[in-house]
Structures are given as C-alpha cells and as structure tokens.
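Chain by chain, the residues run as shown.
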Amino acid sequence: MSAAAWIITAGGALVIGVVLWPASGTRWSMRVGTGLRRRASIPTEAVGGAVAATLAMAAGLAPGHGAAAAISVVVCAAAVKVLLASKRWNSTAIGVARLAGVLANQASVAVTVIDAIERAAPLVSGSIGRAATALAADCEAVGVDVAAERFAARVPSSAARSLADLVTISAEGGGRWVETVEVLEQEASQAAATARMFHARVAATMPTLALVVVLGAGLVAGAAWSADDVGAWLAGPGGAMLLLGGSAVVAVLSARVLLPARAIARTGGWR
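Below, the structure is looked at part by part. Note that the coordinates shown come from a computational prediction; the quantities given were computed from them, not determined experimentally.

## Here we look at the packing of helix α4 (residues 63-106) against helix α5 (residues 113-120)
Between two packed helices, what matters for the description is the angle formed by their axes and the separation of those axes.
In step 1: Taken N-terminus to C-terminus, the directions of α4 and α5 make an angle of 120°; their axes are 9 Å apart at the nearest point. Regarding the angle of α4 to α5, the classification is oblique. Pair α4 / α5 crosses with right-handed handedness. The segment α4 lies against α5, with Leu99, Val102, Leu103 and Gln106 engaging Ala116, Ile117, Arg119 and Ala120.

Given below as structure tokens:
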C-alpha cells in the first residue's frame with residue numbers, strides 16, 4: 001500500500017474514532033461501572049464500518065473509497081442506535097410513571113407498601129408490569145431488600161431506583177410512605193415527560209440524518225453509473241480523496257448532534 005493510501009486510511013479511521021468516541025467517557029474508563037456482558041459487546045457501528053470498507057476493497061476500489069463507505073455506514077448506524085435507545089428509554093419512563101401512579105392510588109387502601117405493590121402490579125402492562133409482578137413475588141421469596149435491588153437492576157431508570165429505595169425504607173417502617181410515593185409519582189411523571197420530549201424532538205430526527213447520508217451516497221453512485229467518465233474519475237485517486245473528504249465533513253457535522261444525543265439516550269434518565 002502506498003503512503004497516500006496509508007494517509008487516507010488513517011484519516012478515515014480518525015473520523016470513525018471521533019464518531020464512536022463516547023461523550024461521557026471511553027469504554028475502558030467505565031469498565032468498573034459496567035457489567036461483563038456490556039464490556040464484551042462489540043459496537044455495531046464498528047462492525048458495519050468494517051464490513052462496508054471490506055466490501056469496497058473487495059470490489060477493487062481504493063482504500064479511500066473503503067474509508068468513505070465505512071464513515072457513511074458508521075454515521076447511519078449511530079443514528080439508528082440513538083433512535084432505538086430513545087424508544088427503550090421512552091417506553092421504560094412511561095411504564096415507571098404508570099406504575100408510580102397506580103401505586104400512589106393503592107397507597108390509600110393498602111396496609112403496607114408491599115401490599116400496595118401486590119395490588120398495583122396486575123394493573124400495569126408491559127415490561128414494567130412484569131418487573132413489578134416479579135418485585136411482589138421476590139418480596140415474599142427472598143426478602144424486600146433483595147427484591148428491591150432486583151427490580152432496580154431490571155428497570156434502568158432513576159425513578160425505578162427511587163421506587164426501590166422507597167420499598168426498602170418503607171418495609172423497614174421508616175418514613176411516611178404514602179406521602180413519599182406521591183412525590184415519587186411526580187418524579188416519574190417528569191422523567192416520562194423528558195423522555196417523550198427527547199424522543200419527539202431529537203431522536204425523531206435520526207432517521208432523517210441517516211436518510212441524508214444514504215441519499216448522498218446514492219447520488220454519487222448514480223452519477224458514476226450514468227456517466228462513464230465520471231465513474232472512472234470517482235474510482236480513481238482524485239475521486240477517492242473527494243469522497244473521503246465529503247464523508248469526513250458529514251461525519252464531523254453529524255457528530256455534533258449524534259454524540260450528545262447518544263449520551264443522553266444511553267443514560268435513559270439516570271443522574
């Protein structure tokens with residue numbers, strides 16, 4: 001491989017690194033706070049970029065073309081992941097808010113917080129309802145402390161963590177849990193409103209971002225297919241530099257939106 005090809009490849013790798021770099025820290029810096037399964041997972045963006053670059057090289061194109069294709073795929077994959085993470089966050093936040101609301105209603109008739117959970121769990125559907133049902137069952141099987149920790153682990157939400165703490169403290173006879181669960185309902189409702197707003201105003205723009213990248217690549221491919229001389233030039237070193245430069249500009253501009261959005265979507269309301 002020539003020196004120019006190495007430079008092009010290194011530049012493409014640098015841009016991919018900029019897009020993949022977590023806004024809240026690297027994976028290595030967060031190893032202590034993450035589980036083994038998360039640490040061992042491979043980013044989808046990296047896999048997609050590697051596949052795109054490999055296909056481009058296998059088609060006989062230059063490394064610059066492969067890097068440009070990899071950058072485009074990385075941007076699209078990152079946008080799709082933000083959308084999916086936002087959907088999960090939104091669903092979880094709404095479910096926890098519903099559980100907190102039902103729990104607050106049951107608080108006036110239930111004798112204890114455990115009794116309120118047993119009454120509220122069948123009234124909530126979806127994954128949060130199943131987690132609440134498991135919480136009620138675990139309280140009888142393994143004790144309140146362990147049950148609350150399991151519930152907080154099942155539901156990645158700050159409001160769910162507060163609910164688990166409320167269950168633990170109230171079961172021990174501490175505090176006025178009826179008034180506390182009303183405060184929890186307000187907290188969960190605010191978290192759900194935040195998740196809905198993020199999904200509607202930020203995550204909803206991610207498909208548009210990916211579509212713009214795909215359309216740009218389609219226009220280039222269409223121009224190369226319709227005109228032989230244009231296609232020959234794009235397949236050459238000059239075309240590789242142009243495509244790589246354009247992909248790099250798109251990636252840098254997209255990173256200003258993708259990195260903060262991905263960081264917020266990943267936290268899912270945690271503080």
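## Quick look at a nonpolar patch on the surface
In step 1: Taken together, the side chains of Val47, Val51 and Leu55 define a hydrophobic patch exposed on the protein surface, amounting to about 260 Å² of accessible area.
In step 2: Along the polypeptide, Leu55 turns up in helix α3 (residues 44-58).

## Notes on the nonpolar core
In step 1: Membership of the largest hydrophobic core comes to 59 residues, with the highest contact counts inside it found for Leu99, Phe151, Leu163 and Leu258.
In step 2: When residues of this core are traced back to their parent elements, those giving at least two are α4, α5, α6 (126-141), α7 (144-154), α8 (158-171), α9 (177-201), α10 (206-226) and α12 (237-267).
In step 3: In terms of residue count, the dominant contributor to this core is α4 (18 residues).
In step 4: Beyond its immediate chain neighbours, meaning those up to four positions away, Leu258 contacts Val75, Ala78, Ala79, Val82, Met206 and Leu209.

## Re the packing of aromatic side chains
In step 1: Taken as a whole and assessed by the stated rule, the structure comprises one aromatic pair.
In step 2: Look at Trp89 and Phe198: their rings are 5.4 Å apart centre to centre, the planes differ by 45°, and that puts the pair in the tilted class. Taken together, the residues Trp89 in helix α4 and Phe198 in helix α9 connect sequence positions 109 residues apart.
In step 3: Here Phe198 falls in the buried class, since its relative accessible area comes to 7%.

## Concerning the packing of α5 against α6
In step 1: Interhelical geometry of α5 versus α6 gives an angle of 140° and a closest axis separation of 8 Å. By the criterion of interaxial angle, the relationship of α5 to α6 is oblique. Pair α5 / α6 crosses with left-handed handedness. Between α5 and α6, the contacting residues are Ile114, Ile117 and Glu118 on the first element and Ala132, Leu135, Ala136, Cys139 and Glu140 on the second.
In step 2: By residue class, the composition of the contact of α5 with α6 is six nonpolar, no polar and two charged.

Rules of the game
- Residues numbered from 1 in each chain as written.
- Predicted model: local features only at pLDDT ≥ 70, side-chain atom pairs only at ≥ 80, totals over all residues.
- Heavy atoms only, no water.
- Axes fitted to C-alpha atoms, helices over the stretch in contact; angles between N-to-C directions.
- Helix = DSSP H or I, 4+ residues; strand = E, 2+ residues; numbered from the N terminus.
- Parallel < 35°, antiparallel > 145°, perpendicular 65-115°, else oblique.
- Left-handed = near helix turned anticlockwise from the far one by under 90°.
- Contact = heavy atoms within 4.5 Å.
- Patch = residues over 30% accessible without salt bridge, like charges linked within 9 Å, V, L, I, M, F, W, Y side chains within 5 Å.
- Areas by Shrake-Rupley, 256 points an atom, 1.4 Å probe, with all protein chains shown as cover.
- Salt bridge = Lys/Arg side-chain N within 4 Å of Asp/Glu carboxyl O.
- Core = buried A, V, L, I, M, F, W, Y, C linked by side-chain atoms within 4.5 Å.
- Buried < 20%, exposed > 50% of the residue type's maximum accessible area, 1.4 Å probe, protein only.
- Phe/Tyr/Trp six-rings, centres within 6.5 Å; stacked < 30°, edge-to-face > 60°.
- Nonpolar A, V, L, I, M, F, W, Y, C, P; charged D, E, K, R; others polar.

Purely geometric numbers; function is a separate question.
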